[in-house]
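So you can see what is in the structure, the chains are spelled out below.
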Amino acid sequence: MYIEEVKPEMKLPETVRIFDTTLRDGEQTPGVALTVDEKICIARKLDSLGVDTIEAGFPAASPGEMDSVRRIADLDLDANTCGLARVLREDIDAVIDCGADYIHTFIGTSPLHRKYKLKMSPEEIIDRAVFGVEYAVEHGLRVEFSAEDATRTEFDYLVGVYRAAEDAGADMINVPDTVGVMIPRAMNRLIRGLRDEVRTPISVHCHNDFGLAVANSLAAVEAGASQVHATINGLGERAGNAALEEVVMALITRYDLPLTIKTTELVNISEFVSKITGVRMPPNKAIVGENAFAHEAGIHVHGVLEKAETYEPITPEMVGHKRRIVLGKHTGANALRSKLQEYGIDMNEDQFCTLYEQVKRLGDKGKRITDADLRAMAVTILGKATREIVKLEGIAVMTGESVMPTATVKLRIGDEIKTTSMTGVGPVDAAINAIQSLVSETADIELDEYNIEAITGGTNALAEVFVVMSDADGNKATGRSTREDIVMASVEAVLDAINKILSLK
Ligand SMILES: CC(=O)SCCNC(=O)CCNC(=O)[C@H](O)C(C)(C)COP(=O)(O)OP(=O)(O)OC[C@H]1O[C@@H](n2cnc3c(N)ncnc32)[C@H](O)[C@@H]1OP(=O)(O)O
Ligand SMILES: CC(C)C(=O)C(=O)O
């Protein structure tokens, strides 16, 4: 509604090209280093996603980078394979040697970069830029030129640099907000200004130091930029780059721009990149976070159950996500009824009220309530309490210096008594390993989470253990126990969760 009103003020391009730099700037995320094979896997996924260009690496940086870019170029993907290079002959030669079809070459232009980093005069920087672009063009590459730290460069000088790159044959000029200092209005002004001065298509590369990378990228598009640099999950130097999934979904759904991205792949690629890089997404991350389509508050869940758009701006399916109704302190009766219906559980009004109160009480204590917990609570209220299918009959643990921590556990599982001994990194680990080994003959139940907290002080402190376990069918249950002895608290919590899951069968 409001967006349509401001659209006439924009200079939107017909479409926006997506230049993905997950494998280059994304890999500059502190602590992230990808192997050649990992880069190839990500490149294939980016290509299926439909990005226009994949910046596969910086070939001059190392033999591994060279190998990655070469092998990605050899894949002959639909996306352009791009290599990054300083405006130096040896860097550009490295990109040429990789067989990439596209080069991104750059030089710093701001007073800070000129004076302190490059120690070059403004004229020398222009000469170097022209050399780099011409050299790459002569070698048959399509060339994107970046004035690094453009957003802290004097406008007239910046125009001079870009005009020189354009005259030297650059196919795209990129405007990097290298340290993320822009605000959307200023970015819009800068891109409008540049559009009046240069003929070449304009791209932007925004960093997220103030959390404005996506907003600044969109402001640039509103001013006519026809390409955006982005990374999966917003990876990149320091606070990262503009998150591809956010930029893409905003361009498609807020600006109605026809992008070629297969949006249903976004969650899949986000999870893949998160796993490979080890950079986990916060649950509230837009578009791809665990909570992006999760609802707990009663008023919201009620709205969503009636009509999902009340509290969802786009459908989860559009990005390959799933809607989740979460139980907790804010749960309302409508949400609870829908959960019971989902599991085919019938209750009278009194039983329902008891369950509702229990959910609220647990929520107030800050406890997490999984679907299996709810089902266990419901069956207890219905008089069919969680059955103690697995019962501890005995346990002995041995630990110390120079011995492998070992636990011997005796369980009654149904009518059978079973015993085993297992080792672990400590007595708790050994005991849980032994329980899991015995139970694995009945059901495949994994420990997903283990948390321990000291409730009181001192060596005889009460410890509360909280676990989350799940089986191969996706049933998840929590288990809890509070004891002075952390081994026993852990064993009881694990058995609590296992029995909840087995009682559902
Ligand atoms: C904003 C960005 O994200 S830029 C990309 C950042 N990515 C990387 O740096 C990738 C990893 N880098 C590397 O492996 C190394 O830094 C290399 C191989 C590229 C260069 O290594 P070294 O030769 O040892 O140089 P070092 O990194 O210490 O310093 C950078 C040099 O490049 C020069 N330089 C920096 N940018 C440019 C440029 N665009 N054009 C020409 N020279 C440049 C610097 O002035 C400095 O020169 P000096 O060695 O003569 O002082
Ligand atoms: C190489 C350039 C575009 C860059 O990564 C930056 O300025 O952040």
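Looking at an unreviewed UniProt entry, one finds the protein chain named 2-isopropylmalate synthase, with Methanothermobacter marburgensis as its source organism. Looking at the protein chain in UniProt, the text filed under Cofactor (unreviewed entry) is "a divalent metal cation".

Another point: the site of ligand 1. Close to ligand 1 lie 14 residues; Arg24, Gln28, Arg86, Phe106 and Glu148 are nearest. Here an oxygen atom of ligand 1 sits 3.1 Å away from a polar atom, N or O, in the side chain of Gln28. The side chain of Arg86 places a nitrogen or oxygen atom 2.7 Å from an oxygen atom of ligand 1. For ligand 1, whose free accessible area comes to 1000 Å², the fraction covered by protein is 52%. Of all the secondary-structure elements, those providing two or more residues to the shell around ligand 1 are strand S3 (80-86), strand S4 (102-108) and helix H5 (111-118). Residue composition of the shell around ligand 1, grouped by class: nine nonpolar, one polar and four charged.

For Asn233, which is not a glycine, the phi torsion comes out positive at approximately 65 degrees. Its place among the elements puts Asn233 in the loop between strand S8 (227-230) and helix H10 (244-253). Here the phi dihedral of Ile287 falls at roughly 70 degrees; this positive angle occurs in a residue that is not glycine. Secondary-structure assignment places Ile287 in the loop between helix H11 (266-277) and strand S9 (294-295). Judged by relative accessible area, Ile287 falls into the buried class, the value being 15%.

With that settled, the discussion passes to the domain arrangement of the protein chain. How big an interface is tends to be stated in terms of the accessible area lost upon association of its parts. What the domain assignment lists for the protein chain is domain 1 (16-277), domain 2 (294-381) and domain 3 (390-503). Taking the mean C-alpha position of each, domain 2 and domain 3 sit 29 Å from one another. Contact with domain 2, which involves seven residues of that partner, is made by 10 residues of domain 3. A buried area of about 700 Å², summed over both sides, lies between domain 2 and domain 3, and 46% of it is on carbon and sulfur atoms. Interface area lost by domain 2 to domain 3 is led by Lys367, Arg368 and Asp373, which between them contribute 55%. On the surface where domain 2 and domain 3 come into contact, there are two salt bridges. Glu464 is the salt-bridge partner of Lys367, the closest N and O atoms lying 3.6 Å from each other. Our count for the contact surface shared by domain 2 and domain 3 stands at four residue pairs in polar contact (both at pLDDT 80 or more). Residues that form the side of domain 2 that touches domain 3 fall into these classes: two nonpolar, one polar and four charged.

What counts, and at which threshold
- Along each chain, the written sequence defines residue order, and numbers are assigned to residues from 1.
- Ligands are numbered from 1 and chains lettered from A, in the order in which they are written.
- Given that this is a predicted model, residues contribute local features only at a pLDDT of at least 70 and side-chain atom pairs are listed and counted only at 80 or more, while totals for whole chains, interfaces and linings are drawn from all residues.
- Side-chain numbers here rest on the full set of heavy atoms in the structure, without hydrogens or water.
- UniProt positions are given in the numbering used here, feature names are shortened, and annotations may be inferred rather than shown by experiment.
- A single heavy atom is enough: if one lies within 4 Å of a molecule or strand, its residue is considered near that molecule or strand.
- Polar contact criterion, stated in full: a pair of N or O atoms within 3.5 Å, where within protein one must be able to donate a hydrogen and the other to accept it, and residues adjacent in sequence count only if both atoms are side-chain atoms.
- For every accessible area listed, the method is Shrake-Rupley and the probe measures 1.4 Å; residues are considered covered only by the protein chains on display.
- The numbering of helices and of strands both runs from the N terminus, where a helix is a DSSP run of H or I of at least 4 residues and a strand a run of E of at least 2.
- When residue character is reported, Ala, Val, Leu, Ile, Met, Phe, Trp, Tyr, Cys and Pro are called nonpolar, Asp, Glu, Lys and Arg charged, and the others, Gly included, polar.
- A 1.4 Å probe rolled over the protein chains alone gives each residue an accessible area, and that area as a share of the maximum for its type sets the label: buried under 20%, exposed over 50%, partly exposed in between.
- Domain delimitation in this document rests on an assignment produced automatically or drawn from a domain database.
- Any pair of residues with heavy atoms lying within 4.5 Å of one another is described as a contacting pair.
- As used here, buried area is the combined drop in accessible area, with a 1.4 Å probe, of two parts when they are placed together.
- By convention in these notes, a salt bridge is any Lys or Arg side-chain nitrogen within 4 Å of a carboxyl oxygen on Asp or Glu.

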